[in-house]
Amino acid sequence: MKIRTTVLMVLLLLVSSLFATNMKVAILDFAKKDSDSDYVAKAMMKRDFKTIFKSEKEMALIDLSKSQALAKKSGYTNLFYADIADIANMGTELGADVVVWGEVQSAKNNEFKVTAKILSMKSNEVVQVTFNVEKSSKKRQVAIKDNLFAKISEFSSGEVEKLFGIAMQYFNSKNYPEALKEFTNLIVVDPENIDSYFYLGLIKYYQKDYEASVAYYQKGLEINPEHVDFLNFMSKSYDKMGDVEAAAEALEEILSIKEDKEIWLRIGNLYAKVEYFDEATEAYQNAIELDEEYGEAYRQLGILQYNQEFYEAAIEPLEKATKLFPDADDLQKKLAKCYKKTGKINEAIAQYKSIIAEQKDNVRAYMNLINAYFTTDQYKKALEMAIKLNEIAPEDHNAKILLANAYNYSKMYSKAAEAAKAALSIDDNLYQPYRILSEINFS
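These notes cover the structure that comes with them.

Calculation criteria
- Think of each chain on its own: its residues are numbered from 1, step by step along the sequence as written.
- Reporting of local features is limited, given that this is a predicted model, to residues whose pLDDT is at least 70; pairs of side-chain atoms are given and counted only at 80 or more, and all residues count toward the totals for whole chains, interfaces and linings.
- Only hydrogens and water are set aside; all other atoms, that is, all heavy atoms of the structure, feed into the side-chain values.
- Helix and strand assignments come from DSSP, with helices taken as H or I runs of at least 4 residues and strands as E runs of at least 2, each series counted from the N terminus.
- Restricting the calculation to C-alpha atoms gives the radius of gyration, and the globule rule supplies 2.2 Å times the number of residues raised to the power 0.38.
- Throughout this description, buried means an accessible area under 20% of the type-specific maximum (1.4 Å probe, protein chains only), exposed means over 50%, and partly exposed covers the range between.
- Here, two residues are considered to be in contact whenever any of their heavy atoms come within 4.5 Å of each other.
- Only the protein chains shown count as cover for residues, with accessible areas throughout obtained via the Shrake-Rupley method and a probe of 1.4 Å.
- Pairing between two strands requires that DSSP report at least two bridges joining them.
- Definition of a polar contact: a pair of N or O atoms within 3.5 Å, with one able to donate and the other able to accept a hydrogen when the atoms are protein atoms, and with sequence-neighbouring residues admitted only if both atoms are side-chain atoms.
- Here a pair means two rings of Phe, Tyr or Trp (six-membered ring of Trp) with centres within 6.5 Å. Their orientation is stacked below 30 degrees between planes, edge-to-face above 60, and tilted elsewhere.
- Definition used: whenever NZ (Lys) or CZ (Arg) falls within 6 Å of the ring centre and also within 35 degrees of the ring normal, the charge is taken to sit over that ring.
- Only one rule defines a salt bridge in this text: a Lys or Arg side-chain nitrogen within 4 Å of an Asp or Glu carboxyl oxygen.
- Taken from the helix axis, the directions to the C-beta atoms give the arc we talk about.
- Each patch is built from residues that are more than 30% exposed by relative accessible area and take part in no salt bridge. Like charges join if they lie within 9 Å; nonpolar side chains (Val, Leu, Ile, Met, Phe, Trp, Tyr) join within 5 Å.
- This count recognises Lys and Arg as positive and Asp and Glu as negative, with His and chain-terminal groups excluded.
- Here the site of a charge means NZ on Lys, CZ on Arg, CG on Asp, or CD on Glu.

In terms of regular secondary structure, the protein chain is built from 21 helices and five strands. Taking 22 Å as the expected radius of gyration for a compact globule of 443 residues, we find that the protein chain reaches 38 Å, considerably beyond that expectation. With the C-alpha coordinates aligned to their principal axes, the bounding extent of the protein chain is approximately 125 × 45 × 40 Å. When the 443 residues of the protein chain are sorted by exposure, 48% land in the buried category. Within the protein chain, counting contacts between residues at least 6 apart in sequence, those at least 24 apart form 53% of the total. Working note: accessible area of the protein chain is about 22800 Å², and carbon and sulfur atoms make up 48% of it.

Turning to the pairing of strand 5 (residues 126–133), a few remarks are in order. In this structure, strand 4 (residues 112–120) lies alongside strand 5, joined through eight bridges in antiparallel fashion. Looking across to strand 5, one finds that Phe 112 is bridged to Val 133. Joining the antiparallel neighbours strand 4 and strand 5 is a turn of five residues, in which Asn 124 adopts a positive phi near 65°.

Before going further, it helps to examine the side chain of Glu 103. With respect to the helices and strands, the residue Glu 103 is situated in strand 3 (residues 98–106). Side-chain polar atoms of Glu 103 contact the side chain of Asn 78, separated by 3.4 Å. Excluding anything up to four places from it in sequence, Glu 103 contacts Phe 30, Ala 31, Lys 33, Asn 78, Phe 80, Tyr 81, Lys 113, Val 114 and Thr 115.

Glancing now at the packing of aromatic side chains. Applying the stated criterion across every chain, the model contains 23 aromatic pairs. Consider the rings of Phe 164 and Phe 183, whose centres lie 5.8 Å apart with planes at 70°: the pair is edge-to-face. Of this pair, Phe 164 sits in helix 5 (residues 137–172) while Phe 183 sits in helix 6 (residues 176–189), placing them 19 residues apart in sequence. We classify Phe 164 as partly exposed; its relative accessible area is 23%. Assessed through its relative accessible area of 0%, Phe 183 is described here as buried. Look at Phe 171 and Tyr 199: their rings are 5.0 Å apart centre to centre, the planes differ by 70°, and that puts the pair in the edge-to-face class. Placement of the pair is Phe 171 in helix 5 and Tyr 199 in helix 7 (residues 194–206), with a sequence separation of 28 residues. Judged by relative accessible area, which is 11%, Phe 171 ranks as buried. Its relative accessible area of 19% is what places Tyr 199 among the buried residues. Each member of the aromatic cluster is reached from another via a ring pair, and the members are Phe 164, Phe 171, Tyr 176, Phe 183, Phe 198, Tyr 199, Tyr 205, Tyr 206, Tyr 210, Tyr 217, Phe 230 and Phe 233. The ring of Phe 80 carries Lys 117 above its face, with NZ or CZ at 4.3 Å from the centroid. Cation over ring: Arg 299 sits above Phe 325, and NZ or CZ is 4.4 Å from the ring centre.

Here we take up the environment of Asp 396. In this structure, Asp 396 sits in the loop between helix 18 (379–392) and helix 19 (397–409). Considered as a pair, Asp 396 and Lys 344 are 52 residues apart in the sequence and their alpha carbons are 28 Å apart. Beyond its immediate stretch of four places on either side in the chain, Asp 396 contacts Val 363, Met 367 and Ile 426.

Turning to the pairing of strand 4, a few remarks are in order. Extensive coverage of strand 4 is indicated by the burial of eight of its nine residues. The loop that links strand 3 with its antiparallel partner strand 4 comprises five residues; one of these, Asn 109, has a positive phi angle of about 55°.

Another point: the pattern of salt bridges. Oppositely charged side chains are able to pair whenever their charged atoms sit close together. What the rule picks out here adds up to 16 salt bridges. Note that Asp 38 is salt-bridged to Lys 42, the shortest N-O span being 3.4 Å. Residue Asp 38 and its partner Lys 42 are located together in helix 2 (residues 38–54), separated by four residues, close to a single helical turn. The salt bridge involving Asp 209 is made with Lys 204; its shortest N-O contact spans 3.9 Å. By relative accessible area, which is 31% here, Asp 209 ends up partly exposed. Its relative accessible area of 15% is what places Lys 204 among the buried residues.

Pro 433, Ile 436 and Leu 437 are the residues of helix 21 (residues 432–439) that are buried. Along the axis of helix 21, the buried positions cluster into a sector of 100°, meaning they face one direction only. Buried residues along helix 21 sit against helix 19 and helix 20 (413–426).

Right, let's talk about a negative patch on the surface for a bit. Residues Glu 245, Glu 249, Glu 252, Glu 253, Asp 278, Glu 279 and Glu 282 make up a contiguous surface patch of negative charge. Secondary structure elements with two or more residues in the negative patch: helix 10 (244–257) and helix 12 (277–290). The leading source of residues in the negative patch is helix 10, at four residues. One can find Glu 282 in helix 12.

Okay, here's the thing in structure tokens:
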């Protein structure tokens, strides 16, 4: 357990460090379009961007000297008219998420028109924004922040939707390696994108990398500690890792947020799997408290008690389960054995009669009732039920065998032989009809 916890902590640190990076912005150059705009263009590149980026929490400025050096090396005298492919190459070399470049020209009333282009390195899309600035540095920086930086943020928000759509296309087509790459890129752009963490965890789950899956879910829960889907799938990952206690713990976190009978059932199933019988029993009982007609909880509780050979304790939940699942032969067989083991055959008869009263074509209930009558030597009643059973299940060889036995016990040998032969006509490999024929010495 300590080794696994250490591994998960390392994974969480790696995930945190991977997605802690802000959006990296490269500003290549803002060229002057006339001599009057020279001062503003230079001031923007030397002071304005550095000052504005100091207060930015979501964007990080790539070293301007590196960006400008690369711009000069490109050979363009004015990058504003550069080919987008060349701009993208520079962005790749700089390791940028977004590339910005543009030009400045003088306008009326001592103002200057700034035209900026913004390239997303993720989608290779370009948007343009135009706004006016004044010569005053403070007013100029406010205008740049309110227009250019706002456009970058808006553009990035739109990019999140596009990137998410691309990632989901890969995910839905089960191209998990590409989906993983796209969701990772998306979180670099938007570190708080909780849906991306969910799908990253899910992809790792499908790839059977359960420890990485848990790490992504843990990261998502840091953003929203009450996200039920994260807790749900994290429990599944822990279960696959064999850590039942951690799996149950995650589900219990869900219960602290909302009561849910199905969550209690899953907790019970987890504990039953590793034979934590007391904890499993309590979980199933909690599920039943939330819904007194929750058949699956009765089923699992009854089977749990039955498997421990607590036959008397198993009777009540199995009785309830057989009423809610009248076609479940396995439950009725277990209940019949519980009655036999505890000597409560009269209760068994009452139970089967009750089921038949509600479901008149319940073959298994008829069979159990007939066998219960055989056990208590009530052959006349057994015969009555066997005849009814054959009316509702005329092609069932087991029904024919029960009818043959009922006639045999009632000393109606000719009819017993007739029923035994009818069973053999359905399946001539059966042993019991031959045994009945042998007992009555019919030739």
